[in-house]
Amino acid sequence: MDFKRAYLNWQKKRLSSWLNSDKELGKHLYSLIQKQNPVGALVAAGSSYDRTQPHQFDEYSHLKVYLVNVYCFAAMRAIAKDVSSTPFLIQQKKRIEGKYQWETQDESNAQAKKIMDLFTRPNPKETWGQLTCRTELAHIGAGNGYLAFDNDEEEFWYVRPDWVKVQTDTIGRLTGYEIENLGKVINLDALDIVHIKSANPTGEWYGVPTSETIKQTIVGKLNLDKFLNSVWKNSAMIGLVLSGPGLDLKDPEARAIIQKEINQLYSGTDKAGKSLVLGGETKVDKLGYSVKDLIPTEINDMVLREVCAAYGVPPIKINILDEATYNNAREQERIYQEGTVESERVLWEDSINIQFVYPRFGDEWRYIYDRSKVLALQENRDEKSIYITNEWKAGIIK
């Protein structure tokens, strides 16, 4: 709904001069807006009051998941790289033989070149692939990716999701975005931001971070890692019980001295395997853990499965090659491309077109990804050959 409202707001601005200069035309266009949108009258009326909507999730914490869990890191990177590395095309809708069709344009078309130039080199520091990769990582991580457009310089820039808040009017219509960083606040019009937003059935303005659905799994894995680090850091011998008549365990000072000496002489991974020398009748009992206990395979497998399921990424895409063969690897890649990555490409196309291309260049132009360059989406030549041969043998084709 945000995209539609932004588009209708743009329509309202374009029609403002006509509404003032030609009453009959104004009435007709006003009626069209009402028919397109149940709250069209309200959109046409406009509102100057802005209300900043609070974040629904802790977006900064979700962004940091990229840095603290290797499976999430690999899954997010795989999707972002596959989306951002897909070449794009600029197409124009033309009437050909009585039917409207999309036709790919090149730089010989002045308008197409202008649009292409905006995406080919969005700003002086990044390529479009680098910029979309960062924005897609933010979108997957925080549920929201933002591209700010500088109208004066005609440049796109990445904006961190935790800096951005949606602004609405008193009845909840999108009016713009507030960007706050280092104490500075900038307000941008809705048409100056491209918002890549994950689907969210529980909220209107912000997307759902993927990691929100597996938050407990990620926290559990962090606690397991912390436990292992503590084991190796605190004692390479993994816990000792010292007892004997020569040890005065009731004296706190004596007990502290013994613990300090043991830690200095024998604790730490670099001192593992050293001999412990004690005098008198001191007895040593080791409270140890087996390597299997310290590295529970079942927990790692559970974390892997849940992360892959949440992000829609097969294990082979995050470099887990267990039980991988050439055939099932190719099939995993195809399913992943057709499902996870393709849905992200469609989201990017819709967001860029509805929020940027249509308002500025008209709906006869569109940004679209070139699927012909994605190998996994192409027909398998061997399978196609076998299919055609069987059809020919059955007399279905001649």
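Quick notes on the rules
Residues numbered from 1 in each chain as written. Predicted model: local features only at pLDDT ≥ 70, side-chain atom pairs only at ≥ 80, totals over all residues. Heavy atoms only, no water. Helix = DSSP H or I, 4+ residues; strand = E, 2+ residues; numbered from the N terminus. Buried < 20%, exposed > 50% of the residue type's maximum accessible area, 1.4 Å probe, protein only. Contact = heavy atoms within 4.5 Å. Areas by Shrake-Rupley, 256 points an atom, 1.4 Å probe, with all protein chains shown as cover. Pairing = 2+ DSSP bridges. Salt bridge = Lys/Arg side-chain N within 4 Å of Asp/Glu carboxyl O. Patch = residues over 30% accessible without salt bridge, like charges linked within 9 Å, V, L, I, M, F, W, Y side chains within 5 Å. Phe/Tyr/Trp six-rings, centres within 6.5 Å; stacked < 30°, edge-to-face > 60°. Axes fitted to C-alpha atoms, helices over the stretch in contact; angles between N-to-C directions. Parallel < 35°, antiparallel > 145°, perpendicular 65-115°, else oblique. Left-handed = near helix turned anticlockwise from the far one by under 90°. Nonpolar A, V, L, I, M, F, W, Y, C, P; charged D, E, K, R; others polar. Expected span 1.5 Å × (residues − 1).

**Looking at the overall build of the protein**
Within the protein, the regular secondary structure consists of 13 helices and 12 strands. Out of the 398 residues in the protein, the part that is buried amounts to 40%. Residue pairs at least 24 apart in sequence account for 66% of intrachain contacts in the protein once pairs closer than 6 positions are excluded. On the protein, roughly 23400 Å² of surface is accessible, and the fraction owed to carbon and sulfur atoms is 53%.

**Quick look at the pairing of strand β12 (residues 365-369)**
The buried count for β12 comes to four of five residues, which makes it a mostly enclosed element. As paired elements, strand β2 (residues 88-96) and β12 share five bridges and run antiparallel to each other. Paired with Q92 across the bridge in β12 is W365.

**A short note on the side chain of T135**
Considering the arrangement of structural elements, one finds T135 in helix α7 (residues 128-142). Residue classification places T135 among the buried positions, given a relative accessible area of 0%. Leave out the neighbours within four places in its chain, and T135 touches G145, Y146, L147, Y158 and W348.

**A word on the pattern of salt bridges**
Under the defined criterion, the tally for this structure stands at 15 salt bridges. The shortest N-O distance in the salt bridge between D117 and K113 comes to 2.9 Å. Residue D117 and its partner K113 are both found in helix α6 (residues 110-120); the two are separated by four residues, about one turn of the helix. D117 gets classed as partly exposed once you look at its relative accessible area, which sits at 33%. A salt bridge links E331 to R334; the shortest N-O distance between them is 2.3 Å. Of this pair, E331 and R334 both sit in helix α12 (residues 326-361), three residues apart, which is roughly one turn of the helix.

**Topic: a nonpolar patch on the surface**
A contiguous nonpolar patch, built from L67, V68 and L222 and spanning about 270 Å² of accessible area, is present on the exposed surface. In this fold, L222 is placed in helix α8 (residues 215-234). The partly exposed category is assigned to L222, whose relative accessible area is 35%.

**Overview of the side chain of T132**
Mapped onto the elements of the fold, T132 is located in helix α7. Of the residues examined, T132 reaches a relative accessible area of 2% and is grouped as buried. Leave out the neighbours within four places in its chain, and T132 touches S84 and W348.

**Let's talk about the packing of aromatic side chains**
One pass over the full model with this rule turns up 15 aromatic pairs. Relative to F73, the ring of Y66 lies with its centre 4.7 Å away and its plane at 40°, an arrangement referred to as tilted. Judged by its relative accessible area of 26%, F73 falls in the partly exposed class. The interplanar angle of 20° and the centroid separation of 5.2 Å between the aromatic rings of F88 and Y367 together place this pair among those described as stacked. Residue F88 is found in strand β2, and its partner Y367 is found in strand β12; the two are separated by 279 residues along the sequence. Members of the aromatic cluster, each reached through a chain of ring pairs, are F88, F119, W128, F149, F156, F356, F361, Y367 and Y369.

**Section: the sheet that holds strand β1 (residues 51-52)**
Spatially, β1-β6-β7-β8 is the arrangement adopted by the four strands of the open sheet, whose pairing is antiparallel. Lying at the two open borders of the sheet, with one neighbouring strand each, are β1 and β8 (184-189).

**Structural notes on the packing of helix α4 (residues 59-68) against α7**
Contact geometry for α4 and α7: axes closest at 8 Å, N-to-C directions at 115°. The orientation of α4 relative to α7 falls into the category roughly perpendicular. Judged by the sense of rotation from one axis to the other, the crossing of α4 with α7 is right-handed. Along its contact with α4, which presents E59, H62, L63 and Y66, the element α7 presents L137, A138, G141 and A142. In terms of residue class, the contact of α4 with α7 is made up of five nonpolar, two polar and one charged.

**Some remarks on the sheet that holds strand β4 (residues 144-150)**
Spatially, β5-β4-β9 is the arrangement adopted by the three strands of the open sheet, whose pairing is antiparallel. The sheet is open, and its two borders are formed by β5 (155-159) and β9 (193-197), each paired with just one other strand. Sheet twist, expressed as the average angle between the axes of neighbouring strands with direction ignored, equals 20°.

**Focus on α7**
Between its terminal C-alpha atoms α7 stretches 21 Å, which fits the 21 Å expected from 15 residues at 1.5 Å a residue. With 12 of its 15 residues buried, α7 lies for the most part within the structure. Among the residues making up α7, those that are buried are W128, L131, T132, C133, T135, E136, L137, A138, H139, I140, G141 and A142. Immediately downstream of α7, the backbone of G143 shows phi near 85°, a positive value.

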